[in-house]
Amino acid sequence: MRKLAFSTNAFKKNTFAEAIDAVAGIGYAGVELMADLHPAYPPRLSKRERGEVRRRIEDRGMCVSNVNAFTLFACGDTYHPTWIEDDAREVQRRVDHTLACIELCADFGVKNISLQPGGPMIGTTLTRRQAGERFAESLSRVVPLARQLGVTLGIEPEPGLFIESSAEYVEFKTTYFHDEKIVQMNCDLGHLFCVGEDPATVIRTLPQHVAHVHLEDIGANRVHQHLTPGKGVID
């Protein structure tokens, strides 16, 4: 039987302790740490606090399922800074944030982290090949630390971004990181459904690529608006 975790992304106005207690009280076996303007933003979480939070999670019989490093509202917005910015300084901010999140994984005994898949293609003059090369070069800067600490990098396909589907993830992985075992996919079922894929088929046919799963529902119009499981049309 698979165990489920719940993300602190839903607790933007709560303390870390409140979020953990709420998730544990509902009965979840784990908690995902949203590493942004929520309780788990790395620069604002000292080593002492990390130890206290980890003990609180373990005392309630839970573990940390994943560190979510996708958004970066702390110094940008939902997507920016991205991996494929024209400004090298902005790319470095994304790289530095990811490195800090990988270290956060190590502090909490987490084996995987979910990442933005490059960045939005709308508003950029990059071709897909150029965007792929830029994303691969940027991502390669965090691979050594992830490998050293045993953390899998889960690229999360999302509608409107460089990698939208499982097929585009596989193409990127095969082209740039074919032999790199720690580069895998964070499989968000709703995102895949939005772009016309059958999430169940993706998981069944690409199990070797799936590092972690995000589960939510989506409406019949396949618009990217997350719903509680059972409130949309995904089986």
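For the structure itself, look to the data block above.
Worth saying up front: this structure is predicted, and the values here are computed from it rather than measured.

Describe the overall build of the protein, and please don't skip the residues or the numbers.
Within the protein, the secondary structure is distributed over eight helices and seven strands. Relative to the 2.2 N^0.38 estimate, which gives 18 Å for 235 residues, the radius of gyration of the protein is 17 Å and therefore close to what a compact globule would have. Counting every position in the protein, which comprises 235 residues, the buried fraction comes to 49%. Sequence separation of 24 or more characterises 72% of the internal contacts of the protein that already satisfy a separation of 6 or more. Taken as a whole, the protein presents about 11600 Å² of accessible surface, with 51% of it coming from carbon and sulfur. Once the 26 positive and 31 negative side-chain charges of the protein are each reduced to a mean point, those two points are 5 Å apart.

So what's going on with helix H3 (residues 88-108)? Which residues, and what values?
Given 3.6 residues per turn, any residue in an α-helix points the same way as the ones three and four places further on. Taking 1.5 Å of rise per residue, 21 residues should cover 30 Å, and H3 covers 30 Å from first to last C-alpha, within 8% of that figure. Of the residues making up H3, those classed as buried are Val91, Arg94, Val95, His97, Thr98, Ala100, Cys101, Ile102, Leu104, Cys105 and Phe108. Two or three places before arginine 89, at the opening of H3, aspartate 87 has a side-chain oxygen 2.9 Å from that residue's backbone nitrogen. With its phi angle positive at about 70°, glycine 109 sits one or two positions after the end of H3.

Run through the layout of surface pockets, naming residues and quoting values.
Taken as a whole, the largest pocket encloses approximately 1500 Å³ of empty space. Every residue lining the largest pocket is counted, 42 residues in all, and those nearest its centre are Glu32, Val213, His214, Leu215 and Glu216. Elements represented by at least two residues in the lining of the largest pocket include exactly strand E1 (5-7), strand E2 (30-34), strand E3 (63-68) and strand E7 (210-214). Sorting elements by how many residues they give to the lining of the largest pocket places E7 first, with five residues. Put simply, the second largest pocket is a space of about 300 Å³. Lining the second largest pocket we find 14 residues, and of these Leu189, Pro199, Leu215, Ile234 and Asp235 sit closest to its centre. For the lining of the second largest pocket, the element with the most residues is helix H8 (residues 199-205), which contributes four residues.

Explain the packing of aromatic side chains to me, using residue names and the numbers behind them.
This structure, assessed with the given rule, holds nine aromatic pairs. Ring centres of phenylalanine 172 and tyrosine 176 lie 5.2 Å apart, and the angle between their planes is 45°; this geometry places the pair in the tilted category. With a gap of four residues between them, phenylalanine 172 and tyrosine 176 both fall in helix H6 (residues 166-176), about one helical turn apart. Ring plane angle 50° and centroid distance 5.8 Å describe the contact between phenylalanine 172 and phenylalanine 177, whose orientation is recorded as tilted. Residue phenylalanine 172 is classed as buried on the basis of its relative accessible area of 3%. Following the ring pairs from residue to residue traces out a cluster consisting of Trp83, Phe135, Phe162, Phe172, Tyr176 and Phe177. It is arginine 222 that lies over the ring of phenylalanine 193; its NZ or CZ is 3.8 Å from the centre.

Quick one: what's the story with the environment of isoleucine 57, residue by residue and with numbers?
Along the polypeptide, isoleucine 57 turns up in helix H2 (residues 47-59). Aside from chain neighbours lying at most four places away, what touches isoleucine 57 is Ile20, Val31, Met62, Cys63, Val64 and Phe108.

Outline the side chain of glutamate 85, supporting the account with residue identities and numerical values.
Note on placement: glutamate 85 falls in the loop between E3 and H3. Once residues within four sequence positions are removed from consideration, glutamate 85 is found in contact with His80, Glu90, Val91 and Arg134.

A description of the environment of phenylalanine 11 should follow, citing residues and the corresponding values.
Turning to its location among the elements, phenylalanine 11 is positioned in the loop between E1 and helix H1 (16-26). Of the residues examined, phenylalanine 11 reaches a relative accessible area of 12% and is grouped as buried. Excluding residues within four positions of it along the chain, phenylalanine 11 makes contact with Phe6, Ala19, Ala22, Val23 and Pro39.

Pulling in residues and values, what's your account of the sheet that holds strand E5 (residues 152-155)?
Across the sheet, which stays open at both edges, the seven strands sit in the order E1-E2-E3-E4-E5-E6-E7 with parallel pairing between neighbours. Because the sheet does not close on itself, it has two edges, and the strands there are E1 and E7. Going from strand to strand, the sheet's axes swing by 30° on average, the running direction of each strand aside. Examined bridge by bridge, E1 and E2 share three bridges and lie parallel to one another. From the neighbouring strand, alanine 5 faces E2, where its bridge partner is glycine 30. Where H3 meets the sheet, it contacts E2, E3, strand E4 (112-115) and E5, and its direction lies at approximately 150° from that of E4.

Reading guide: rules and limits
- Residues numbered from 1 in each chain as written.
- Predicted model: local features only at pLDDT ≥ 70, side-chain atom pairs only at ≥ 80, totals over all residues.
- Heavy atoms only, no water.
- Helix = DSSP H or I, 4+ residues; strand = E, 2+ residues; numbered from the N terminus.
- Rg over C-alpha atoms; globule rule 2.2 N^0.38 Å.
- Buried < 20%, exposed > 50% of the residue type's maximum accessible area, 1.4 Å probe, protein only.
- Contact = heavy atoms within 4.5 Å.
- Areas by Shrake-Rupley, 256 points an atom, 1.4 Å probe, with all protein chains shown as cover.
- Lys, Arg positive; Asp, Glu negative; His and termini not counted.
- Charge placed at Lys NZ, Arg CZ, Asp CG, Glu CD.
- Expected span 1.5 Å × (residues − 1).
- Polar contact = N/O pair within 3.5 Å; in protein donor to acceptor, adjacent residues only side chain to side chain.
- 1 Å grid on protein atoms, 1.4 Å probe; cavity = no way out; pocket = protein on both sides within 12 Å on 5 of 7 lines; lining within 4 Å.
- Points joined across faces, edges and corners; volume = space filled by probe spheres on them.
- Phe/Tyr/Trp six-rings, centres within 6.5 Å; stacked < 30°, edge-to-face > 60°.
- Lys NZ or Arg CZ within 6 Å of the ring centre and 35° of its normal.
- Pairing = 2+ DSSP bridges.
- Axes fitted to C-alpha atoms, helices over the stretch in contact; angles between N-to-C directions.

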